[in-house]
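# Structural overview for review
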Amino acid sequence: MTRLPTIGITVSLDPGARIRPGVEYLYVSRAYARAVHDAGALPLLVPPDADAARVARVCDGFVVTGGGMLPTALAGGVAAPGRVGAPEQGERIEWDRRLLDCARAERRPLLGICYGMQLLNLHAGGTLRTDLALSVPRALDHGGNGRLCEHEITTREGSSLRAMLGARARVASSHRQAVDGIAAGLCVA
């Protein structure tokens, strides 16, 4: 019997403020686990209670999932009124950053989605547009706060993404922040 690759999926934290007052929860959209399963791998939810180095040895790759906004201070910027990252993000960010370091040390592939992509870029030395609507006023409204915006993307020639999706694809976005300067060693696909 062939062993399925195990893909670690990061989770968001609720310290008891949103889902059920006073009770801590770990959560993630089930769509992540379904997508990993449908791609032929074993999805494994990885909480910040786990040892990042041990998780990086056990998993064959990782999906750093979407989540709340990254704190503006992390990106070296100043927050616009009403646009700061949720305070409960601190524990998740700290753990996700340890996981990124451990995954890199183990040479594990990473897929960052929304928050995950932005954190990956920041952690590697890139920059972030902390408020997309304010910094690029003529940009397409990318939703945010759970609203989705459908639009077309163009994939980079020679990239794995182009091999999977073709030259153009329709995607759904829900962003209030965006990668700005790309970190050394990373590229846009």
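Attention in this report is confined to the structure presented alongside it. (Residues numbered from 1 in each chain as written. Predicted model: local features only at pLDDT ≥ 70, side-chain atom pairs only at ≥ 80, totals over all residues. Heavy atoms only, no water.)

It is worth spelling out the overall build of the protein at this point. Helix and strand content of the protein: six helices and 10 strands. Counting only contacts in the protein whose residues sit at least 6 apart along the sequence, the fraction spanning at least 24 positions is 66%. Accessible surface, the protein as shown: approximately 11,300 Å² in total, 55% of it carbon and sulfur. (Helix = DSSP H or I, 4+ residues; strand = E, 2+ residues; numbered from the N terminus. Contact = heavy atoms within 4.5 Å. Areas by Shrake-Rupley, 256 points an atom, 1.4 Å probe, with all protein chains shown as cover.)

Going through the model one piece at a time under the given rule, you end up with six salt bridges. Residue R92 is joined to D96 by a salt bridge in which the shortest nitrogen-to-oxygen separation is 2.9 Å. Of this pair, R92 and D96 both sit in helix α3 (residues 89-105), four residues apart, which is roughly one turn of the helix. Between R129 and D180 there is a salt bridge whose closest N-O contact spans 3.4 Å. Here D180 lies in the segment after β10 (178-179) and R129 lies in strand β7 (residues 128-129), a separation of 51 residues in the sequence. (Salt bridge = Lys/Arg side-chain N within 4 Å of Asp/Glu carboxyl O.)

It is worth spelling out the sheet that holds strand β4 (residues 42-46) at this point. The sheet built from four strands is open, its strands ordered β4-β1-β5-β6 with parallel pairing. Every interior strand has two partners, whereas the edge strands, β4 and β6 (110-112), have only one. Going across the sheet, the axis of each strand differs from the next one's by a mean of 20°, ignoring polarity. (Pairing = 2+ DSSP bridges. Axes fitted to C-alpha atoms, helices over the stretch in contact; angles between N-to-C directions.)

Okay, helix α4 (residues 115-123) next. Listing the buried residues of α4 in full gives Y115, G116, Q118, L119, N121 and L122. G125 lies just past α4 and shows a positive phi near 110°. (Buried < 20%, exposed > 50% of the residue type's maximum accessible area, 1.4 Å probe, protein only.)

Interhelical geometry of α3 versus α4 gives an angle of 65° and a closest axis separation of 11 Å. You can see that α3 and α4 cross each other, and the crossing is right-handed. Residues Q89, R92, I93, D96, R97, L100 and D101 of α3 touch α4, and the partners they reach there are Y115, L119, L120 and H123. In terms of residue class, the contact of α3 with α4 is built from five nonpolar, two polar and four charged. (Left-handed = near helix turned anticlockwise from the far one by under 90°. Nonpolar A, V, L, I, M, F, W, Y, C, P; charged D, E, K, R; others polar.)

Moving on: empty space enclosed by the protein. One way to see where empty space is left: roll a probe the size of a water molecule over the atoms. Considering all chains together, one arrives at one cavity of 30 Å³ or more under this definition. Quantified by volume, the largest cavity comes out at close to 30 Å³. Residue lining of the largest cavity: T10, V11, V46, P47, P48, R92, W95 and D96, and that is the complete set. Of all the elements, α3 adds the most residues to the lining of the largest cavity, at three residues. Counted by class, the lining of the largest cavity contains five nonpolar, one polar and two charged residues. (1 Å grid on protein atoms, 1.4 Å probe; cavity = no way out; pocket = protein on both sides within 12 Å on 5 of 7 lines; lining within 4 Å. Points joined across faces, edges and corners; volume = space filled by probe spheres on them.)

Attention now goes to unusual backbone geometry. Positive phi, close to 60°, is recorded for R107, a residue that is not glycine. Among the secondary structure elements, R107 is positioned in the loop between α3 and β6. Look at C114: it is not a glycine, yet its phi comes out positive at around 55°. Structurally, the position occupied by C114 is in the loop between β6 and α4. Exposure remark for C114: the relative accessible area of 18% places this residue in the buried category.

Glancing now at α3. With 17 residues, α3 should reach 24 Å at 1.5 Å per residue; the first-to-last C-alpha distance of 24 Å fits that figure. Q89, R92, I93, W95, D96, L99, L100, C102 and A103 are the residues of α3 that are buried. Taken from the residues just after α3, R107 is the one with a positive phi, measuring 60°. (Expected span 1.5 Å × (residues − 1).)

A word on the side chain of D96. Here D96 falls in the buried class, since its relative accessible area comes to 2%. Among all residues touching D96, those that are not within four sequence positions of it are T10, V64, Y115 and L119.

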